[in-house]
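Results of the structural survey
So you can see what is in the structure, the chains are spelled out below.
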Amino acid sequence: MKEVKSLPPSGGLSRAAREALDGTLGDRVSYAEAIRSQHGSSETHFAPSLPDAVVFAESTEDVIFVVRLCAAHDIKLTAFGAGTSIEGQALPVAGGISLDMSRMNRVLAVNAEDFDVTVEAGVTRVALNNHLRDQGLFFPVDPGADATIGGMASTRASGTNAVRYGTMREAVLSLRVVTADGRDIRTARRARKSAAGYDLTRLFVGAEGTLGIITEVTLRLHPIPDIIASAVCGFETLDGAARTVIEAIQLGVPLARAELLDDAQMRAVNRWSTLDYPEKTTLFLEFHGSQAAVDEQVSMVGEIAAANGGGAFAWSSQAEERTRLWKARHEAYYATLGLRPGSVGWATDVCVPIGRLADCISQTKRDLDAASVPATICGHVGDGNFHVVFALDPDAPAEWEEVEAINTRLVARALSMDGTCTGEHGIGLGKQEALVDELGEAVDVMYQIKRALDPRGMFNPGKIFKSN
Ligand SMILES: Cc1cc2nc3c(=O)[nH]c(=O)nc-3n(C[C@H](O)[C@H](O)[C@H](O)COP(=O)(O)OP(=O)(O)OC[C@H]3O[C@@H](n4cnc5c(N)ncnc54)[C@H](O)[C@@H]3O)c2cc1C
């Protein structure tokens, strides 16, 4: 396992802090090893790192209490949503308290006529969409995992729908945040646009819990489209699949989803989800709109695909079939690990301007062809964003070095194309050097903001920046 960076351990909680926690929170605080372990482990290649205690917040008042207590007793505080982040963001690497937000799971107000909703931060995206369905509305940001809205805002998550509907950056209208000095602030009202001062909403979106604790989120919603049509199309070459998406976007086709899975990923998906798609580079596509609009989009993309070596579209217009198709896509990460039982996953995440995408994926594929570790490629290619997932042997250090080197080359390749080291997974523990390579002195400015808002380095230490 990759070593987590070593920060001075918290040394456990003082007796006074424990008494204050127990006295106010009762069974909302836990010191049990199993609970601490669940909050100190991640889905990916970072070593576990346990908190001293886990608090299950049930209200903004609970959060304010915990923040003030941590400030008074110099305890580190790391928010925890669903724990699905990929770069070790929720790991409490300096101990202290893991603040579990999952019990703050109420949908507070649906404003159907305004197409917005206000939720507590622990609501998950699936629960939200179940709540909204009867009103003909949906929340489109879909990272696959059933993450919390607070966690998704904090990692600036996106996923399969972002090409059409945007990421959490576009989806969040306003936040309620508890700051390091225990203040309870709102960053904006519900208006669709505002020129009122600094854009604090955008500051907290993507801050990975290093600046404050989000307790409520107001989100934009969209009407459920009349027609949703999904299709799968195999290609002779990886380049042909990537070019199909690029040309469709350049022609202005409003694709709702455009996901690329390489031949290795398709082999893994077929095995994991008991499917029998041809094992070649494949696009999973989705079109939203009226019947006429969808027909037009499909015909344009069909022609572009055929010109780039694509086969016939295999359609899924029934809801059940579509769900099966996208479930298979969303389980691509686990499907890759399934290629090698007992393996540990390492998911990379670069994003480049769409015009450089075909080049970036093809060069990466050549790099992978020479690698000894099983790896697959999948990506939200409509945004220029793709992932390589490696299935590593946890007991083979040489493999870890090899993958680290491939990842470093991949990030350098993306940066050389004016892309980014992370399209959606964030910085966490894994991309701190890459962030400096990408943005240079701008990272110093970010750090100044961190110090201004959290002078004691209480919130989520060790993340985003090398120094706390
Ligand atoms: C199989 C799989 C597929 C994935 N696919 C995608 C994808 O396609 N796109 C994508 O963007 N991501 C993807 N992810 C990553 C993950 O789902 C996202 O990072 C998600 O946004 C994390 O949400 P969470 O609720 O699990 O947050 P956590 O992992 O619990 O926390 C993430 C970060 O947010 C902070 N945080 C959590 N809640 C709050 C709060 N209320 N206030 C302040 N800070 C908070 C935490 O401290 C931490 O720094 C995938 C993950 C898996 C396992």
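Before going into details, it helps to say that this report is about the structure given with it. If you're wondering where the values come from, they're calculated on a predicted model, not measured in any experiment.

**Considerations on the sheet that holds strand β5 (residues 107-111)**
The five strands lie next to each other as β5-β6-β10-β8-β9, forming an open sheet whose pairing is antiparallel. Each of the sheet's edge strands pairs with one partner strand only, and the pair in question is β5 and β9 (184-186). Each adjacent strand pair in this sheet contributes to an overall mean axis angle of 10 degrees, direction not counted. In this sheet, strand β6 (residues 116-120) lies alongside β5 in antiparallel orientation, the contact comprising four bridges. Of the residues in β6, the one forming a bridge with V110 is V117. The sheet contacts of helix α3 (residues 60-73) involve β8 (172-178), β9 and β10 (213-220), and relative to β8 the element is tilted by about 50 degrees. Packing of helix α4 (residues 125-132) onto the sheet brings it into contact with β5, β6 and β10, and relative to β5 it is tilted by some 45 degrees.

**Looking at the packing of helix α16 (residues 432-439) against helix α17 (residues 442-453)**
Two elements in contact, α16 and α17, have axes separated by 8 Å at closest approach and are oriented at 120 degrees. By the angle between their directions, the pair α16 and α17 is classed as oblique. Of α17, the residues touching α16 (which contributes L435, V436 and L439) are A442, V443 and M446. In the contact of α16 with α17, the residues fall into six nonpolar, no polar and no charged.

**Looking at the site of the ligand**
Around the ligand, a shell composed of 36 residues is seen, among which A79, G81, T84, S85 and P143 lie nearest. Between an oxygen atom of the ligand and a side-chain N or O atom of T155, the distance comes to 2.8 Å. Coverage of the ligand by the protein chains reaches 97% of its 980 Å² of free accessible surface. Mapped onto the shell around the ligand, the elements with two or more residues apiece are β3 (77-80), α5 (149-155), β10 and α13 (332-338). Of all the elements, α5 adds the most residues to the shell around the ligand, at five residues. Each residue belonging to the shell around the ligand can be placed in one class, and the counts come to 16 nonpolar, 17 polar and three charged.

**Overview of the packing of aromatic side chains**
Summed over all chains, the structure comprises eight aromatic pairs. Relative to W400, the ring of W346 has its centre 6.3 Å away and its plane inclined at 55 degrees; by these criteria the two rings are tilted. On the criterion of sequence distance, the pair formed by W346 in strand β16 (residues 344-347) and W400 in helix α15 (residues 397-416) is long-range, its members being 54 residues apart. Positioned above the aromatic ring of Y31, the side-chain terminus of R18 is 3.7 Å from the ring centre. Just above the ring of W326 sits the side chain of R257; from NZ or CZ to the centre is 4.3 Å.

**Re unusual backbone geometry**
Phi is positive for D418, close to 65 degrees, though the residue is something other than glycine. On the secondary structure map, D418 appears in the loop between α15 and α16. Positive phi, normally seen in glycine, also occurs at I464, with a value near 70 degrees. On the secondary structure map, I464 appears in the segment after α17. Accessibility expressed as a relative area gives 10% for I464, which makes it buried.

**Describing the pattern of salt bridges**
This structure, assessed with the given rule, holds 28 salt bridges. The salt bridge involving E58 is made with R103; its shortest N-O contact spans 3.1 Å. Pair noted here: E58 is in the loop between β2 (53-56) and α3 and R103 is in the loop between β4 (97-100) and β5, with a separation of 45 residues, a long-range link. Residue E58 is classed as partly exposed on the basis of its relative accessible area of 34%. Put simply, D454 and K450 hold a salt bridge, and the shortest N to O gap is 2.6 Å. In this structure D454 comes out as buried when scored by relative accessible area, which is 1%. Taking the relative accessible area as the measure of exposure, K450 reaches 3% and is therefore buried. When salt bridges with common partners are traced through the structure, they connect R125, D142, R257 and E286 into a single cluster.

**Quick notes on the nonpolar core**
In this structure, L255, F386 and F390 are the most contacted members of the largest nonpolar core, which totals 55 residues. Counting the residues that make up this core, at least three belong to each of domain 3 (227-333) and domain 4 (336-436). When near neighbours in sequence (up to four residues on either side) are disregarded, F390 contacts L337, V344, G345, W346, T348, L368, V373, P374, A375, V403 and I406. Core analysis: the second largest hydrophobic core is formed by 53 residues, V66, V67, I75 and A207 among them.

**Considerations on the side chain of T364**
Position of T364 among the secondary structure elements: in helix α14 (residues 357-369). Residue classification places T364 among the buried positions, given a relative accessible area of 1%. Those residues in contact with T364, other than ones at most four positions away along the chain, are F386, V388, L410 and R413.

Reading guide: rules and limits
- Residues numbered from 1 in each chain as written.
- Predicted model: local features only at pLDDT ≥ 70, side-chain atom pairs only at ≥ 80, totals over all residues.
- Heavy atoms only, no water.
- Pairing = 2+ DSSP bridges.
- Helix = DSSP H or I, 4+ residues; strand = E, 2+ residues; numbered from the N terminus.
- Axes fitted to C-alpha atoms, helices over the stretch in contact; angles between N-to-C directions.
- Contact = heavy atoms within 4.5 Å.
- Parallel < 35°, antiparallel > 145°, perpendicular 65-115°, else oblique.
- Nonpolar A, V, L, I, M, F, W, Y, C, P; charged D, E, K, R; others polar.
- Near = heavy atom within 4 Å.
- Polar contact = N/O pair within 3.5 Å; in protein donor to acceptor, adjacent residues only side chain to side chain.
- Areas by Shrake-Rupley, 256 points an atom, 1.4 Å probe, with all protein chains shown as cover.
- Phe/Tyr/Trp six-rings, centres within 6.5 Å; stacked < 30°, edge-to-face > 60°.
- Lys NZ or Arg CZ within 6 Å of the ring centre and 35° of its normal.
- Buried < 20%, exposed > 50% of the residue type's maximum accessible area, 1.4 Å probe, protein only.
- Salt bridge = Lys/Arg side-chain N within 4 Å of Asp/Glu carboxyl O.
- Core = buried A, V, L, I, M, F, W, Y, C linked by side-chain atoms within 4.5 Å.
- Domains from an automatic or database assignment.

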